[in-house]
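# Descriptive analysis of the structure
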Amino acid sequence: MPLNEILALVMIGAFFLMLLGGIPVAVCLGVTGFVFGYAGFGPFLFTLLPARVFGVITNYTLLALPLFIFMGIMLEKSKIAEELLDVIGFAMGGLRGGMALAIILVGVLMGAASGVVGATVVTMGLIALGPVLKRGYDTGVACGVICASGTLGQIIPPSLVLILLADIMGESVGTLFAAALFPGLLLSGLFIAYVLVLGLLNPGALPPIPAAERAALSRRDLALKLLRVVLPPIALIVAVLGSIIGGVAAPTEAASMGALGSIVLAILSGRFSLPVLRDAVHGAFITSAMVFLILIFAQPFGLAFRGLGGENLVHDAFGMVPGGLNGQILFLMLLLFVLGFFLEWIEISYIALPLFLPIFMNAGVDMAWIAILVAVNLQTSFLTPPFGWALFFLKGVAPPQVTTGDIYRGVIPFILLQLLGLLMVFTFPGLALWLPNAIGW
Amino acid sequence: QSSFNWKMTNAYGPGSPFYVEGPGSPIDFCKKVEAMSDGRITIQHFAAGELIPALEGFDAVRSGAVEMNAANAYFWAGKIPAAQYFTTVPFGMNFQGMNAWLYHGGGMALWDELYEPLGLKALPMGNTGVQMTGWFRDPIESVADFQNLKMRIPGLAGKVYAALGVDVKLLPGGEIFPALERGVIDAAEFVGPYQDRRLGLQNAAKYYYTTGWHEPSNVTELLMNAEAWASLPADLQEIVKTAAMACNLESHTWCEANNAEALRDLVDNYGVQAQVLPDAVVSELKAATDTVLAEFAAQDEQVKKVHDAFMAFKAEHQAWAGVSEKPLYGLPG
Amino acid sequence: MLPLIKTLSDGAHGTVRVIGNIAAWTGLALVLLVAFNVLSRYLFSFGSVALQEAEWHLMAVAALFGMSYGLNQGGEVRVDIAYARFPPRLQLAVDLIGNLLMAAVALIIAWLCIAYVSASYSINEGSPDPGGLGYRYLLKATMPVAFALLALQGLAMTGHSLLALLHPHPNKS
Ligand code: NA
Ligand code: NA
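Cut-offs used in this document
Residues numbered from 1 in each chain as written. Chains lettered and ligands numbered in written order. Predicted model: local features only at pLDDT ≥ 70, side-chain atom pairs only at ≥ 80, totals over all residues. Heavy atoms only, no water. Helix = DSSP H or I, 4+ residues; strand = E, 2+ residues; numbered from the N terminus. Rg over C-alpha atoms; globule rule 2.2 N^0.38 Å. Buried < 20%, exposed > 50% of the residue type's maximum accessible area, 1.4 Å probe, protein only. Contact = heavy atoms within 4.5 Å. Areas by Shrake-Rupley, 256 points an atom, 1.4 Å probe, with all protein chains shown as cover. Lys, Arg positive; Asp, Glu negative; His and termini not counted. Charge placed at Lys NZ, Arg CZ, Asp CG, Glu CD. Buried area = accessible area lost by both parts, 1.4 Å probe. Salt bridge = Lys/Arg side-chain N within 4 Å of Asp/Glu carboxyl O. Polar contact = N/O pair within 3.5 Å; in protein donor to acceptor, adjacent residues only side chain to side chain. Pairing = 2+ DSSP bridges. Patch = residues over 30% accessible without salt bridge, like charges linked within 9 Å, V, L, I, M, F, W, Y side chains within 5 Å. Bend = angle between axes of the 7 residues up to and from the residue. Core = buried A, V, L, I, M, F, W, Y, C linked by side-chain atoms within 4.5 Å. Expected span 1.5 Å × (residues − 1). Axes fitted to C-alpha atoms, helices over the stretch in contact; angles between N-to-C directions. Donors = N, O, S within 2.8 Å, 3.2 Å for Na, K, Ca; no water. Parallel < 35°, antiparallel > 145°, perpendicular 65-115°, else oblique. Left-handed = near helix turned anticlockwise from the far one by under 90°. Nonpolar A, V, L, I, M, F, W, Y, C, P; charged D, E, K, R; others polar.

For the rest of this paragraph, the subject is the overall build of chain B. Helix and strand counts for chain B come out as twelve helices and eleven strands. Taken over the C-alpha trace, chain B has a radius of gyration of 20 Å; the compact-globule value for 333 residues is 20 Å, and the two agree within 12%. Projecting the C-alpha coordinates of chain B onto the three principal axes gives extents of approximately 60 × 40 × 40 Å. Scored against the burial criterion, the 333 residues of chain B give a buried share of 59%. Of the contacts made within chain B by residues no fewer than 6 positions apart, 76% connect residues no fewer than 24 positions apart. Entry remark: accessible area of chain B is about 12300 Å², with carbon and sulfur atoms responsible for 54%. Side-chain charges of chain B comprise 23 positive and 39 negative groups, with the mean position of each set lying 2 Å from the other.

Before going further, it helps to spend a moment on the interface of chain C and chain A. On the chain A side, the residues contacting the 57 residues of chain C number 61 residues. For the pair chain C and chain A, the two sides together bury roughly 4900 Å², of which 82% comes from carbon and sulfur. Of all residues in chain C, the largest losses of buried area upon contact with chain A belong to Met59(C), Val77(C) and Val79(C), amounting jointly to 15% of the total for that side. Counting across the interface, chain C meets chain A through one salt bridge. Salt-bridge contacts for Glu253(A) lead to Arg41(C); the nearest nitrogen and oxygen are separated by 2.8 Å. On inspection of chain C and its partner chain A, the count reaches five residue pairs in polar contact (both at pLDDT 80 or more). If you list the elements that add at least two residues to the side of chain C that touches chain A, you get α1 (2-23), α2 (26-44), α3 (49-72), α4 (88-122) and α5 (136-166) of chain C. No other element matches α3(C), which puts 13 residues into the side of chain C that touches chain A.

Taken together, the contacts link 36 residues of chain B with 37 residues of chain A. When chain B packs against chain A, the two sides together hide about 2800 Å² of surface, and 63% of this comes from carbon and sulfur. Across the contact surface, chain B and chain A share two salt bridges. Across the salt bridge formed by Arg306(A) and Glu50(B), the nearest N and O atoms sit 3.9 Å from each other.

Residue and element names in this part refer to chain B. Here we have six strands laid out as an open sheet, ordered β7-β6-β8-β5-β9-β11, and mixed in their pairing. Of all the strands in the sheet, just β7 (167-169) and β11 (273-276) have a single pairing partner and so form its edges. Two elements, strand β6 (residues 150-152) and strand β8 (residues 187-188), share two bridges in a ladder whose sense is parallel. Bridge assignment links methionine 151 to a residue of β8, and that residue is alanine 187.

Let's shift gears to the side chain of Glu253(A). Along the chain, Glu253(A) turns up in helix α13 (residues 251-268). At a separation of 2.8 Å, a polar atom in the side chain of Glu253(A) contacts the side chain of Arg41(C). Every residue in contact with Glu253(A), bar those within four places of it in the chain, is listed here: Tyr60(A), Lys169(B), Val184(B), Val34(C), Val38(C) and Arg41(C).

Residues and elements named next belong to chain B. The residue glutamine 131 is located in the loop between β4 (120-127) and β5 (134-136) in this model. Residue glutamine 131 is classed as buried on the basis of its relative accessible area, which comes to 3%. Each C-alpha atom, one on glutamine 131 and one on threonine 211, is 7.9 Å from the other, the two residues being 80 residues apart in sequence. When neighbours within four sequence positions are excluded, glutamine 131 is seen to be in contact with Tyr19, Glu189, Phe190, Val191, Gly212, His214, Glu215 and Asn218. Of the polar contacts made by the side chain of glutamine 131, one reaches the side chain of threonine 128; its length is 3.1 Å.

All names here are of chain C. A surface patch of nonpolar side chains, about 560 Å² in accessible area, is lined by Phe36, Tyr42, Leu43, Phe44 and Phe46. By secondary structure assignment, the location of tyrosine 42 is in helix α2. The class for tyrosine 42 is partly exposed, based on a relative accessible area of 42%.

A few words on helix α12 (residues 219-245) of chain A. All names here are of chain A. Its axis deflected by about 30° at leucine 231, α12 carries its strongest bend there, up to four residues before the proline proline 232. Burial in α12 covers these residues: Leu222, Val229, Val230, Pro233, Leu236, Val240, Leu241, Ser243 and Ile244. With its phi angle positive at about 75°, glycine 247 sits one or two positions after the end of α12.

Bringing the pairing of strand β3 (residues 68-71) of chain B into the picture now. Residue and element names in this part refer to chain B. Burial along β3 is two-sided: the face carrying Met68 and Ala70 and the face carrying Asn69 and Ala71 are both buried. As paired strands, strand β1 (residues 4-10) and β3 are joined by three bridges and run parallel to one another. Bridging from a neighbouring strand, asparagine 10 pairs with alanine 70 of β3. Note that β3 and strand β10 (residues 219-225) share four bridges and pair antiparallel. Within the sheet, the bridge partner assigned to methionine 68 lies in β10 and is methionine 224.

Below, the discussion takes up the nonpolar core. Within the largest apolar cluster, 346 residues are counted, with the highest numbers of intra-cluster contacts made by Phe29(B), Tyr115(B), Val240(B) and Phe147(C). It is helix α14 (residues 274-307) of chain A that provides the largest number of residues to this core, a total of 20 residues. In this view, Phe29(B) contacts Met8(B), Ile43(B), Met68(B), Met125(B), Leu222(B), Val240(B), Ala243(B), Ala244(B) and Cys247(B); residues no more than four positions away in its chain are not counted.

Time to look at α13(A). Helix length check: α13(A) (18 residues) gives 26 Å between terminal C-alpha atoms against 26 Å at 1.5 Å per residue, within 8%. Extensive coverage of α13(A) is indicated by the burial of 14 of its 18 residues.

What follows deals with the sheet that holds β1(B). Residues and elements named next belong to chain B. Taken in spatial order, the five strands of this open sheet run β2-β1-β3-β10-β4, and their pairing is mixed. Strand pairing shows two members of the sheet lacking a second neighbour, β2 (41-46) and β4, which therefore form its edges. Strand-to-strand twist in this sheet, taken as the mean axis angle between neighbours without regard to direction, amounts to 25°. Bridge count for β1 against β2 is six bridges, and the pairing is parallel. Looking at the pairing, tryptophan 6 lines up with isoleucine 43 of β2. Where helix α1 (residues 26-36) meets the sheet, its contacts fall on β1, β2, β3, β4 and β10, and the angle it forms with β2 comes to roughly 165°.

If you walk through the whole model with that rule in mind, you get 25 salt bridges over all chains. Taking the shortest distance from any N to any O, the salt bridge between Asp290(B) and Lys286(B) comes out at 2.8 Å. With Asp290(B) and Lys286(B) both in helix α10 (residues 279-298) and four residues apart, this pair spans about one turn of that helix. Arg136(C) is the partner of Glu53(C) in a salt bridge, and the nearest nitrogen-oxygen pair spans 3.6 Å. Of this pair, Glu53(C) sits in helix α3 while Arg136(C) is found in helix α5, placing the two residues 83 residues apart along the sequence. The exposure class assigned to Glu53(C) is buried, which follows from its relative accessible area of 3%.

The subject of this paragraph is the coordination of the sodium ion (ligand 2). Residues and elements named next belong to chain B. Listed as protein donors to the sodium ion (ligand 2) are Gln131 (OE1), Glu189 (OE), Phe190 (O) and Glu215 (OE); their distances from the metal cover 2.2 to 3.1 Å. Mapped onto the sequence, the residues coordinating the sodium ion (ligand 2) show the spacing Q-x57-E-F-x24-E. Since its relative accessible area comes to 23%, phenylalanine 190 is described here as partly exposed.

Axes are the key here: two packed helices are described by the angle between their axes and the distance separating the axes. All names here are of chain B. Viewed as axis vectors pointing N to C, helix α5 (residues 155-163) and α10 meet at an angle of 120°, and their least axial separation amounts to 9 Å. Put simply, α5 runs oblique to α10. Viewed along their axes, α5 and α10 form a crossing whose handedness is right-handed. Residues Leu156, Lys159, Val160, Tyr161 and Ala163 of α5 touch α10, and the partners they reach there are Leu285, Ala288, Thr289, Val292, Leu293, Glu295 and Phe296. Among the residues making up the contact of α5 with α10, the classes are represented as nine nonpolar, one polar and two charged.

This is how it looks when you write it as structure tokens:
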């Protein structure tokens, strides 16, 4: 094995060591990138780093990130979100996990409005984590539901992942959007089923609102309250989704309708004030910056991995795969899953997919199906500890008592559900291929 | 130094036919150079996003961190405005005219003159041929239909449309489909039938107009660091030049062959209406283009020099094409 | 020596806070701008290339200057599985190393950015789109400034963790 490939492996190891030693994520990425890149190819290639950083901060599709985060924080500061989840908890009566179901539903709707990884997870974390913890949810369960629901946006169209995959795999964006719809809903369904089952098996983890408290609220009052608190956020979702479907805004810009709408809602609810606005502005600024900090410091790492020829490691492993199409697909899935432990999804797509494309194309496999398998897999990679983006983003907005351990523990069942979903799409390609064929996309 | 291990970055994403891989593509160019030089030059290719973002190749090559970049020179319009003329300009020249100008009409010398002070050297390495006007949700019958039309159209052509009342929207490639499909924009320009079908635009709009007035051809630029270029021995320089020339031809013929099939497929199987813009509309576009280009040339000495040379050659070539190619197209099929 | 470190660290911390406090409002400007662009296009078919480009210009500035302010307000993210079980002095040592490395990386990036900006300045880089925002090098020039500010914040935090490590005080601020 060439020296540089060994360095790439050691770099990954050093990154994990630093990460587990409690050094901030951004620092781990930056330091290992610079040190091992310098050892392998010297200072020269790092002249490309500013270009990569500039690419991140001016990336048009990332606009949804600060916009959605602003919306989330505004809803949080104006207490609209908290009331919403609370009232849903009341409305679900004695059903365990009612608020978790609401979170999944919001995840689906937010997912249908956005396709940027950080945006939905952070927004959901801001909106939902506090209220459900206050209602006695198990921290791990709460984090798991939020992370998993927050990443649904990757598979439910529109989605940045699907747009990139369309480009790499030579499929039209529309075909992949259509193909992803049912698998996305399938995953949501699996999450819902899991929450219901968990409510039966482990009632303490997602308790309903105490009966006494529920009894204190008359049905009439509940109905009125429901109307009062549910309508505004629904209006907001309608504003975002509606502006995409109604042709008012392109997917990225639609987030601004949500952000603007959250200000309007705060004003209408009578909770708007200059201090609230200032808090929201500062909170959104810090939270967005935390996501950007990690994205930016991931650049030296990505540059070093490429510069060291890290993709050759993958090539080498690929050479050892036994033949057979299913073997190749299985290997691809395994590879994406493993790379997801330490690389971000764009890097993964660029490194792994080009290897396989010629094989699949020659075998005449439907590329839309492969793309959806890949998309579900990448979505799982957002959740895999230790380096799942969703996990860090949630950690960034979680109250201090929530530990990374809680989050890791909480997402494991959802990772398994994702894998189950993946297996289903693998076994029944029609889940992905029926819709695009039916509507002729 | 007897062997060279170079890097090439690309403004287009992985897998993209013509722009990245396939006959006459940048990856094909790398392979050709390696084969022709018996491995004395190897070029490692990086698609957009693999090493640097799409439009950062200019700076990367200039700094010397990579030796080569594949793109279109008009992407550098903000850095060196005259570079646009070495890709295409509205109502410019087709494949024959453009290459005649570059190879034999003084175009290359001007290109060198423009890039030399920046430590750069460029060669043409591909051409899409004539592009399509774009996809419209509603038919264009007169120039009045441009009023308040929302269109995704970058560059100078965008400025021409804007002069006729079009509202120009900037969108990344991936968002063209969802925006056009939902009517956020009413029209979008991309490349030609083969590439557009890949984006699925036929599912978003049905009126597919032609004349290619905005991009009568479109040159792929091989950009090189001048020092790296100068470090190559004469025989290897010749190999690079020849491979670029071969790709220029091969990429264009590949487009001609594949666009034919793609357009027929779009019309036969997707209900696409392929139409030519009405003459009256085209003449209004021409008038607006003259104004826009005149303003553009007046901004900058370099632009004026290249503009004048380009237009002088175009006038002469057009006169010849008018008696050679044009009647040929009028022959009974 | 220690009082000097304290004064410098406090001063750096305060500087970053003041700058961040002002820069934070770019976020609101971004919301209003994108919403304006969407609504004016939909309602009046009015659009401006410059205003569309201003969207990601604002995002770039917010992302860059948010980094240092985010750290200033305690926004860094770490895996705390082992860290949470470390004795306090080991935690402080990890903090010290992390903060120092943050400052070092930020400084290197700031330094790398200078050549990138000067390449842009030397050709008076503007927008590739007609009607776009000019002076692209000004936008790029915010990169070294923001990373220098991030390094400053890193140093301030290094100073503070050094002080905490050397002077374990029962009621550390
Ligand atoms: Na989505
Ligand atoms: Na084009």
